[in-house]
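# Coordinates in review
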Amino acid sequence: MIQLFHVYKSYFHDREVLVDLNLKIEKGEFCFLTGISGAGKTTLFRLLFCDEPATSGQVLIMGRNVSRMNRQAIAMMRRRIGVVFQDFKLMNDRTVFENIAVRLEVLGRPRGETVERVKRVLKDVGLLQCANMLPLQLSGGEQQRIAIARALVNEPLILLADEPTGNLDEETTADVLRLFFEANVRGTTIMLATHDRRLYENSGRRMLRLERGRIVMDSASPLVPKSSVDDVMRQQAVNVRLKRRPEDD
Amino acid sequence: MAGLSYFIRRALSSLKRYASTSIMTVMVLSVVFGIFLSFLLFASNVSHLASNWSKGVRIYAFITENAHPDLPQQLTAQLRSRSEITDVVYISAEAALARFQSEFPEETDILASLQSNPFPASIEATVKSGHTDKKRLETISGELSKVEGVEEVVYGKELFEKLAVLRGLLFWGQIIVGFAITLACLFLMYSTIRYSIMLRRNEVGILELVGATPDFIRKPFVIEGIIKGFLGAFVAVIAVAILFRLGASAIEGELFSTFGVKGLQFLDLGTVFLVLLSGAVIGGAGSLLAIIRHESKTVEQ
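So, here's what we can say about the structure. (Residues numbered from 1 in each chain as written. Chains lettered and ligands numbered in written order. Predicted model: local features only at pLDDT ≥ 70, side-chain atom pairs only at ≥ 80, totals over all residues. Heavy atoms only, no water.)

## Considering the interface of chain B and chain A
Let me state the cut-off plainly: Here, two residues are considered to be in contact whenever any of their heavy atoms come within 4.5 Å of each other. Each of two parts loses accessible area, computed with a 1.4 Å probe, when they are put together; buried area is these two losses added. We define a salt bridge as a contact between a side-chain nitrogen of Lys or Arg and a carboxyl oxygen of Asp or Glu at a distance within 4 Å.
In this assembly, 19 residues from chain B lie in contact with 20 residues from chain A. Summed over both partners, the interface of chain B with chain A buries about 1,800 Å², with 57% contributed by carbon and sulfur atoms. Summed over the shared surface of chain B and chain A, the result is three salt bridges. Of the charged contacts in the structure, one is a salt bridge between Arg17 of chain B and Asp93 of chain A, with a shortest N-O distance of 3.8 Å.

Below, the structure written as structure tokens:
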């Protein structure tokens, strides 16, 4: 579903944000992406979402090389990818309903179907009663759930979530994770970037760790993590692999 | 794919959402279109005035005293055979004197001091409207001048040359002013839509995020530009029409006494329709340029 071959990304030719990234994420996989701020998580997402091109290397999404896509093809591909950003990216002068419906309007879905699907996803994220409110009338956690609802409303093939629980309390975090797991069960490939160890520890899901633009640990990889990874993280990776559920393989 | 009605709804809703910017744009455009309409109105009325003057063009061939007695008849027949001449009248020296006396009664004292009738006999030929161009009048006048017994041929050459220059100036003036106004409107529309895109760059970014194609993003902006351009032109037409009605009645009397022209004319429906259409087209084109420019900048970044 997602493949990266020797991908480099640098800005102004001096600062390398991503270095020789090689990665393969299978269809239906749920993968956590971790790393400290500035490790390159958001940049990796921007590459996967065709928001920026790689400086060199190949990025293949759903079997297509994104560097060879024109604007039209990128738009078509984005329709099958849901994205959740840390800063929500909502239209603050539109209602919650309109913010989510726009994704289906872009696809040209009939009005009736749009209303039905938006209501259903709003119910899933627990915001049905807020449908006619403006995002700024809601809390940060609720706004994050609008962004998640928008990403999920058309059941995308891939979902990229950048720190989706960064602004949420424990209870809401659990609810949001449940939504992602449910989407994953329905077949959506999910890549979730987070700082929060509690999310991926003991989750039984694949975990990638980025450090200074390099993948320094991949819980699904048979390769021994590089020496820059501390022992604790290495042990956690082993634990995660051991705890993977059979249906994930 | 969403239908046209969806994009029109989106364009209308964004006009409403950004009402103050929209009103400002329409007002600025209406001022520019108003200037253009005023110029068109001036040009069309001057052109109307010139064609009114041209309608009654007469060529006078003055006959010498010792000319052959059959000359007036020969000239009359010669002129009547020409398709561009509608009427030919012979005015004897006595008739010319009588006409002068009736038209300028206060000048009769001057004539009383003269021993003889100073007015020569003449042939007055009226030229059909539409055939009063300089070249044709020169040809007729040249032919008449060559006839033996004809002293002088007069048709208001200077006036016609001035009218021809004025018409030429108006023609090129309309083209130049029209071109300048088109550029000004395009630039205005481009700038205001650019501003509008800047205000809504978050919305444009989100639309791109959810997979909107370039066409999907452009259409509402272009429709918005068409509506603004049309409204700008429409407001200008209404404003200029009102000002024209108020102003025309005040200066019509003066115009009649000075130029002998009755009834100033407003622009015909065809021209008004063309101005409204131009407003819509310029509005749409300006918006399209702005959104394409925004897209290319986004790609560069």
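Picking up where we left off.
## Digging into the sheet that holds strand E1 (residues 2-11) of chain A
Residue and element names in this part refer to chain A. To keep it simple, the criterion reads: Only when DSSP finds a minimum of two bridges between them are two strands counted as paired. Numbering of helices and strands runs from the N terminus, with a helix taken as a DSSP run of H or I at least four residues long and a strand as a DSSP run of E at least two residues long. With axes taken as lines fitted to C-alpha atoms, and helix axes fitted only over the stretch in contact, angles between N-to-C directions fall between 0 and 180 degrees.
Read from one edge to the other, the open sheet built from four strands follows the order E2-E1-E4-E5, with strand pairing classed as antiparallel. Single-partner strands in this sheet number two, and they are strand E2 (15-25) and strand E5 (64-65). As judged from the seven bridges shared by E1 and E2, these two strands associate in the antiparallel manner. From the neighbouring strand, Ile2 faces E2, where its bridge partner is Ile25. Strands in contact with helix H1 (residues 41-48) are E1, E2 and strand E4 (56-61); relative to E1, the strand with the most contacts, it is inclined by about 120°.

## Re the sheet that holds strand E2 (residues 85-91) of chain B
All names here are of chain B. The sheet built from four strands is open, its strands ordered E2-E3-E1-E4 with antiparallel pairing. Of all the strands in the sheet, just E2 and strand E4 (150-154) have a single pairing partner and so form its edges. Here the average twist between neighbouring strands, direction ignored, is 15°. The pairing of E2 with strand E3 (residues 121-127) spans six bridges and is antiparallel.

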